[in-house]
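Okay, here's what each chain looks like letter by letter:
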2 protein chains.
Amino acid sequence: MASSIDHPMPATTWGLALQLQDPPKGPVSLRIARGIVQEIERGRLRPGDQLPGTRKLATQLGVHRKTIIAGFLELERQGWITSSPAKGTFVSLELPETAPEPQRLPARSSLPPLEATAHEQLILSGGGPELSILPRAALARAWRRALLGRSSARLLDHGNPRGEPRLRQALADLLIRNRGVRAIPDNLNVVRGTQHGIYLAVRALLQPGDCVAIEALHHPSLRGIFQLAGVKLLPVPLDDDGLDVDALDLLCTHNRVKAVYTTPHHQLPTSVTLSGQRRVRLLELARRRGLMVFEDDYDNEFQYEGTPVLPLAFSDRSGAVVYFGSMSAILAPGLRLGFIASSPEIAERIARYRTFVDQQGDQILESAVAELIEDGELERHVRRARRLYRARRDELVQALDRHVPGLVFDVPRGGMAIWVQAPGVDADAWARRAHAAGVSFQPASHFALEEPPCDFARLGFSACSEAQLNEAAQILGRTMLARG
Amino acid sequence: MASSIDHPMPATTWGLALQLQDPPKGPVSLRIARGIVQEIERGRLRPGDQLPGTRKLATQLGVHRKTIIAGFLELERQGWITSSPAKGTFVSLELPETAPEPQRLPARSSLPPLEATAHEQLILSGGGPELSILPRAALARAWRRALLGRSSARLLDHGNPRGEPRLRQALADLLIRNRGVRAIPDNLNVVRGTQHGIYLAVRALLQPGDCVAIEALHHPSLRGIFQLAGVKLLPVPLDDDGLDVDALDLLCTHNRVKAVYTTPHHQLPTSVTLSGQRRVRLLELARRRGLMVFEDDYDNEFQYEGTPVLPLAFSDRSGAVVYFGSMSAILAPGLRLGFIASSPEIAERIARYRTFVDQQGDQILESAVAELIEDGELERHVRRARRLYRARRDELVQALDRHVPGLVFDVPRGGMAIWVQAPGVDADAWARRAHAAGVSFQPASHFALEEPPCDFARLGFSACSEAQLNEAAQILGRTMLARG
């Protein structure tokens, strides 16, 4: 662990090496970042070596200093370099890829490869919220009030593993008002985002060796959670009406299935909605077979047309549904907040398990967000976001029609992404070509447990401006077919 | 889940029942709380019933309204009642004790029984920080700056599971400066408190069936973590020099011990410090036997006399030490923040595991606390707290000498609690008597895996004023011996 940062390497040698990158591909900041990684991999930059200043490097390479900073920031996020305001920027003493892959940990599939998180990249993956419209000033005021207000001694102390009662009450009111889910504070658990909620539920409710049915296409980070808990996943086919309930029924005949995981509102990744008939049959099946239904309603708020679709939890009479909601998807991924509505018995098991995992949530933040709900700020924000995302969906639809001839897709009535088919195109190869040209998106293989439908992909639109969506569609059109 | 809150029960019947409590024991707010619980258990108050208003009840019982509010708050924290500003206070639809005890979850020993968390109770358990001296205004300003500043888009987004780089850098600087631990951002993991850190480390580094040696007396919440991971705990004896390293060596001869958990600085609960000779031998043993050393340095800052004791991590050359530090113990338990310093390989495993558990920490809070460290606010706060706790230790020592004759103890040179022996007294029974008289403390049995030394107890002093400590000592003196 001893530092060797006192012998900076000459910046000129290294600057020259970077310029040799040829042919130029992708945004400049990424080419610089890639160049630095290559220099490290070649051993020309060693752990502890100092990098030249951003100003100097910008002059040397003839680019704007911001571009260098963006490249450095990316490298720092990925652990290649570390920087300190006073001392400068150095190659990390321990580099990302030198860490041995532990045997029993699943691949960290939720973390994108080097280029995917870069700043100039047009990112259609994920479909996260637009951060610029977050009501930051209101949130900062509410946080300050929670910290300095009359409940602060309680909020700063050990508390309830189920979450701050004020937020649970606010969420219960919101759920009854907007989604018809009859929640009360006693059957809610506030958690730190859907991932955390599912982790806790899986650990608290399932045993190693249990089987869980899951939509054949799903968010890949789920797999690791189930795998760590020793739970076997069984894929269930999907079609235009969502999860195939007959297939699930058959699966249950041949396996001891304990729970089914589903995203009925806007299926992730296909954005299809579970049909009314199947909703009824799924709940009936769950009751008959004693299945738990993990309903992940991650983007309930974002329905643009048609009558609102109520959660399965709305119709559940048997207490089978464990309902996951996300505040991170509404506000910001960095504000880790979500909730689980379930039977009081399940809520209690999850809370007990949580005391061992991380004891409790961030009570000050929970109280602050409760205030945003109470005074209507959150619903105003959701309305703004909904208008914005609808306009972005429409823009992407038009831009795809214009620039990507041959692409097949239904216009989703809600959600944050469009599921597209490029008939006959290898979507993985397309994603690689688009990526090199500056657009990131996720091909179907990203979401598949077994053999994926190879010419499908998911294009998220919520976090890109209309201009960016247009530019992205042009690049998608240019890269869809391999040249040759 | 249907609510039955529209038929409030007459307040008078119920008010009368409360007054029948006899003989009066403990603070009034707690007697009221206990009375309500008894009414619920007797079935006279049913789930969904509305409770009378605090004003009305205060008048009726002839006590101050604040006392009623304190009782209600306690009941709400424990899940017996729920309240909503607009509607009033109701008996919870699902009561705490009606939830079935899940088979495979360990007892939630970290949660105190009904009376232990009440407001009038003088609490010598735990030894948490004094919340009134927290620099709240500075923290709120720093949080606001993080949320509105130029890094906010990054902080609000998905981030590094190891924690915000700015905080890791600030912690690394602090650790080198104050504890001689050569940390760099690459071998630090920011976590949500020590409990969370140990959970992640146990899950990421140990396998079901592994054995872990643990100080025979330890914080009881640890047991659940190891138990959930299928890890077997083997107690190691303690004496005035801390962990008995010879006994540990012998234990390793007969068992495949993978790690040892220790609190060498101020052993929890005994407050003894691991001697210099044993420190050297423990590290030598760890190297020789390939043991990991989980060093929990939860209150490093609070040393009042003598030369500062450096962590084992300071002397570790082999990468065996996994070093846990707490910010929650310095700032506030409700601000869940801690860190782990370890070898880069271990740091990477823990970070990977974390991506499945809760993805990442609270980056805005992490950035805000980094600012408090950078501008010296945190160290100023620690100096204030240290002066305060030393004065409180001295006050408790004097008060015990004055009011509890026969009590045997060493004055600890640091830490947040005094470990006392009441020769021949059953400490469990003493704790129950003291509790009924308004003082909470933890007898040795609370910390013991096997047979406890039955006449020892831990008296925390850090979170009580000098007047409270004095009053508590008087009650301790009165209750030490059973009457009869």
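Residues numbered from 1 in each chain as written. Chains lettered and ligands numbered in written order. Predicted model: local features only at pLDDT ≥ 70, side-chain atom pairs only at ≥ 80, totals over all residues. Heavy atoms only, no water.

**What about the relation of the copies chain A and chain B?**
Between the two copies of this chain, the relationship is a rotation about some axis together with a displacement along it. Filter applied, for reference: Residues reaching a pLDDT of at least 70 in both copies supply the C-alpha atoms on which the copies are superposed by least squares. We call two residues in contact when some of their heavy atoms are within 4.5 Å.
Expressed as a screw operation, the relation of chain A to chain B combines 0.0 Å of axial shift with a rotation of 180 degrees, fitting to an RMSD of 0.1 Å. Interpreted geometrically, this transformation is the action of a two-fold axis. Mapped onto chain B, 99% of the interface residues of chain A again fall at the interface, so both copies present the same surface.

**Brief notes about the interface of chain A and chain B**
Under the convention used in this document: By buried area we mean the combined loss of accessible area, with a 1.4 Å probe, across both parts when two parts are placed together. For this document, the term salt bridge refers to a Lys or Arg side-chain nitrogen within 4 Å of an Asp or Glu carboxyl oxygen. Under the rule applied, a polar contact is a pair of N or O atoms within 3.5 Å (in protein, one hydrogen donor and one hydrogen acceptor; residues adjacent in sequence only if both atoms are side-chain atoms). In this description a helix means any DSSP run of H or I spanning at least four residues, a strand means any run of E spanning at least two, and both kinds are numbered starting from the N terminus. By the convention adopted, Pro, Cys, Tyr, Trp, Phe, Met, Ile, Leu, Val and Ala count as nonpolar, Lys, Arg, Asp and Glu as charged, and the other residues, Gly among them, as polar.
At the interface, 86 residues of chain A touch 85 residues of chain B. Roughly 7700 Å² is buried in total at the junction of chain A and chain B, and carbon and sulfur atoms are behind 59% of that figure. Where chain A packs against chain B, one counts 4 salt bridges. The partner of arginine 192 of chain A in a salt bridge is aspartate 358 of chain B, and the shortest N-O contact between them spans 2.8 Å. Along the contact surface separating chain A from chain B lie 19 residue pairs in polar contact (both at pLDDT 80 or more). Ranked by the residues each element gives to the side of chain A that touches chain B, the list is headed by helix α13 (residues 344-357) of chain A, at 11 residues. Residues belonging to the side of chain A that touches chain B are distributed by class as follows: 40 nonpolar, 22 polar and 24 charged.

**Digging into the pairing of strand β4 (residues 188-191) of chain A**
Residues and elements named next belong to chain A. Stated formally: Only protein chains enter the accessibility calculation, which uses a 1.4 Å probe; a residue is then buried when its area is under 20% of its type maximum, exposed when over 50%, and partly exposed in between. Note on pairing: two strands pair once DSSP finds at least 2 bridges between them.
Burial along β4 is two-sided: Leu188 and Val190 facing one way and Asn189 and Val191 facing the other are all buried. Where β4 meets strand β12 (residues 338-341), 4 bridges bridge the pair, whose relative direction is antiparallel. Across the sheet, valine 191 pairs through a bridge with glycine 338, a residue of β12.

**Examining helix α3 (residues 54-61) of chain A**
All names here are of chain A. As a reminder, the rule being used: Throughout, the arc means the angular range of directions from the helix axis out to the C-beta atoms.
Within α3 the residues assigned to the buried category are Thr54, Leu57, Ala58 and Leu61. Buried residues of α3 fall within an arc of 100 degrees about the axis and therefore sit on the same side. Facing away from the buried surface of α3 by more than 90 degrees, the exposed residues are Arg55, Lys56 and Thr59.

**Observations concerning the packing of helix α8 (residues 194-205) of chain B against helix α13 (residues 344-357) of chain B**
Residue and element names in this part refer to chain B. In plain terms, the rule: Here the axes come from fitting lines to C-alpha atoms, over the contacting stretch only for helices, and the angles between their N-to-C directions go from 0 to 180 degrees. An angle below 35 degrees is treated as roughly parallel, one above 145 as roughly antiparallel, one from 65 to 115 as roughly perpendicular, and anything else as oblique.
It is at 9 Å that the axes of α8 and α13 come closest, and there the two elements cross at 105 degrees. The orientation of α8 relative to α13 falls into the category roughly perpendicular. Across the interface between the two elements, His196, Leu200, Ala201, Arg203, Ala204 and Leu205 from α8 touch Ile346, Arg349, Ile350, Tyr353, Arg354 and Val357 from α13. When the residues that make up the contact of α8 with α13 are grouped by side-chain class, the tally is 8 nonpolar, 1 polar and 3 charged.

**Some words on the packing of aromatic side chains**
So the rule is basically this: Stacked, tilted and edge-to-face are the three classes applied to pairs of Phe, Tyr and Trp rings, where Trp contributes its six-membered ring and a pair requires centres within 6.5 Å; stacked means planes under 30 degrees apart, edge-to-face means over 60, and tilted covers the rest.
Tallied over the full model, the rule gives 14 aromatic pairs over all chains. Measuring from ring centre to ring centre gives 4.9 Å for phenylalanine 302 of chain A and tyrosine 389 of chain A, while their planes differ by 65 degrees; the resulting arrangement is edge-to-face. Here the residue phenylalanine 302 of chain A occupies a position in the loop between β10 (292-296) and α12 (312-315), and tyrosine 389 of chain A occupies one in helix α15 (residues 377-403), the gap between them amounting to 87 residues. We classify phenylalanine 302 of chain A as buried; its relative accessible area is 1%. On the accessibility criterion, tyrosine 389 of chain A (0% relative accessible area) is buried. For the ring pair tryptophan 419 of chain B and phenylalanine 456 of chain B, a centre distance of 5.5 Å and an interplane angle of 15 degrees mean the geometry is stacked. Of this pair, tryptophan 419 of chain B sits in strand β14 (residues 417-421) while phenylalanine 456 of chain B sits in strand β17 (residues 456-460), and the two are 37 residues apart along the sequence.

**Examining the pattern of salt bridges**
Under the defined criterion, the tally for this structure stands at 48 salt bridges over all chains. Here aspartate 394 of chain A and arginine 393 of chain A are joined by a salt bridge, their closest N and O atoms 3.0 Å apart. Notably, a salt bridge pairs aspartate 239 of chain B with arginine 278 of chain B, separated by 2.7 Å at the nearest N-O pair. Within this pair, whereas aspartate 239 of chain B is found in strand β7 (residues 238-239), its partner arginine 278 of chain B is found in helix α11 (residues 276-289), the two being separated by 39 residues in sequence. The exposure class of arginine 278 of chain B is buried, given its relative accessible area of 15%. Taken together, the shared-partner salt bridges connect Arg192, Arg354, Asp358 and Asp362 of chain A together with Arg192, Arg354, Asp358 and Asp362 of chain B into one network.

All quantities given are derived from atomic positions and should not be read as evidence of function.
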